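A closer look at the structure
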Amino acid sequence: MTRPDLSVVIPTRDKAASLRLVLACLARQDLARPWEIVVVDDGCSDGTPALLAQAAGRLPLRTVPGPCAGRAAARNTGAAAARGPVLLFLDDDILLPPPALAAHAAAHLRPGPACVHGPLRELPGARRLLADTAGHTGRAPHAAPGPACEDAPAPHDDPYAAVASGRYGRTVTTALERLLTATSDGELPAVAPWLGCVGANTSLPYALWTESGGYDEDFGTTWGCEDLELGLRLWQSGTAMRPEPAAPGVHLTHPRADRWAQHTVNLARFTAKHPLAAVRALPELLGPSGNERRYADAVHTLERSERP
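Right, let's walk through the structure included here. (Residues numbered from 1 in each chain as written. Predicted model: local features only at pLDDT ≥ 70, side-chain atom pairs only at ≥ 80, totals over all residues. Heavy atoms only, no water.)

Section: the pairing of strand β3 (residues 61-65)
Keep this limit in mind: Only when DSSP finds a minimum of two bridges between them are two strands counted as paired. Helix numbers and strand numbers start at the N terminus; a helix is a DSSP run of H or I with at least 4 residues, a strand a run of E with at least 2. The definition of a right-handed crossover adopted here requires that, viewed with the strands pointing away, the path from the first strand over the helix to the second runs clockwise.
As paired strands, strand β2 (residues 35-41) and β3 are joined by five bridges and run parallel to one another. Considered in β3, the bridge of Val40 is made with Val64. Note that the unit made of β2, helix α2 (residues 48-55) and β3 has a crossover that is right-handed.

Structural notes on helix α3 (residues 71-81)
Our working rule: Only protein chains enter the area calculation, which uses a 1.4 Å probe; residues under 20% of their type maximum are buried, those over 50% are exposed, and those in between are partly exposed. Every residue pair with non-hydrogen atoms within 4.5 Å of one another is taken to be in contact.
Considered for burial, the residues of α3 that qualify are Ala72, Ala73, Ala74, Arg75, Asn76, Gly78 and Ala79. Residues of α3 that are buried make contact with β1 (6-12), β2, β4 (86-90), α8 (206-212) and α9 (226-236).

Section: the pattern of salt bridges
Stated formally: Salt bridges are defined by distance alone: a side-chain nitrogen of Lys or Arg within 4 Å of a carboxyl oxygen of Asp or Glu.
Tallied over the full model, the rule gives 17 salt bridges. Residue Asp92 pairs with Lys15 through a salt bridge whose shortest N-O separation is 3.2 Å. Here Asp92 is found in the loop between β4 and β5 (94-95), whereas its partner Lys15 is found in the loop between β1 and α1 (16-26), with 77 residues between them in sequence. For Asp92, a relative accessible area of 7% puts it in the buried group. Owing to a relative accessible area of 23%, Lys15 belongs among the partly exposed residues under this scheme. Its salt-bridge partner being Arg83, residue Glu36 comes within 3.5 Å of it at the nearest N-O pair. Residue Glu36 is located in strand β2, and its partner Arg83 is located in the loop between α3 and β4; the two are separated by 47 residues in the primary sequence. In the salt-bridge network here, residues are joined through shared partners; they are Arg71, Arg75, Asp91 and Glu226.

Observations concerning the packing of aromatic side chains
This is how it is decided: Only rings of Phe, Tyr and Trp enter the pairing, Trp through its six-membered ring, and a pair is recorded when the two centres are within 6.5 Å. The plane angle decides the type: under 30 degrees is stacked, over 60 is edge-to-face, the rest tilted. Think of it as a cone above the ring: NZ of Lys or CZ of Arg counts as a charge over the ring if it is within 6 Å of the ring centre and within 35 degrees of the ring normal.
Under the criterion given, the structure shown has three aromatic pairs. Ring geometry for Phe89 and Tyr215: centres 5.1 Å apart, planes at 90°, overall edge-to-face. One end of the pair, Phe89, is in strand β4; the other, Tyr215, is in the loop between α8 and α9, and 126 residues separate them in sequence. As far as burial versus exposure is concerned, Phe89 and Tyr215 are alike and both buried. Above the plane of the ring of Tyr215 lies Arg75, whose end atom (NZ or CZ) is 5.3 Å from the centre.

Shown next, in the form of structure tokens:
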């Protein structure tokens, strides 16, 4: 069996509707070298197993059972099962354009180990997209009218292009992504380059994942921060953080009633483990009213207060 050059690691639990679209995007990738998908079934009770069994007939896909111990543990399980020298950690609700995998792979051909981040945008209209693709209909009944939608591809066949056509409304950026872009463009100082290790669309060498110890599984089943904590450790060890504009992703935005309550718990864990100014100031960036400039100012204020 040919060893793949890149392994896409996707942890999932009961999100068959969005995972179907993620796999549709992966089926359109133009990476010429061998690659694989490792899906971690972390206790799915919906139609995910049947979906994966069907997808394995047309994609280089393997499924491994998850430990049901949280996102960090699920990602580590998938990485341990991967056979490629480069790992791309992808969430089960992230749509990629056809050049994305090739862009991630090419980024790791440059000298030195790096954590490579594909920028993300949110799709507030994701519910309409999921409704339209549930029955695999060609024309989207909920699509916004107008000439921009006339020649757009069927959303179940090419979800990324359907979103890019505008038929499901505008995509938006989070404060975190705005910070990464402003830092890369030199508009804001690089107060926390490690924030580029966003687990939803981030790649790194397998050897680097091994050396780092992987994601900290002490974050448990509570949501948030396990990816950023890994990024901080990688950054402290000298790993470069590289944005890759050619590998953008669209997040199928979904409601989570206790999102910020869970995030607060894990942010407290993160801060206790790494009480740095850039970590302590994260509520200014990651909360529901987060702002990238306010965060940068808060980091500088905390750093000044710590000087003798």
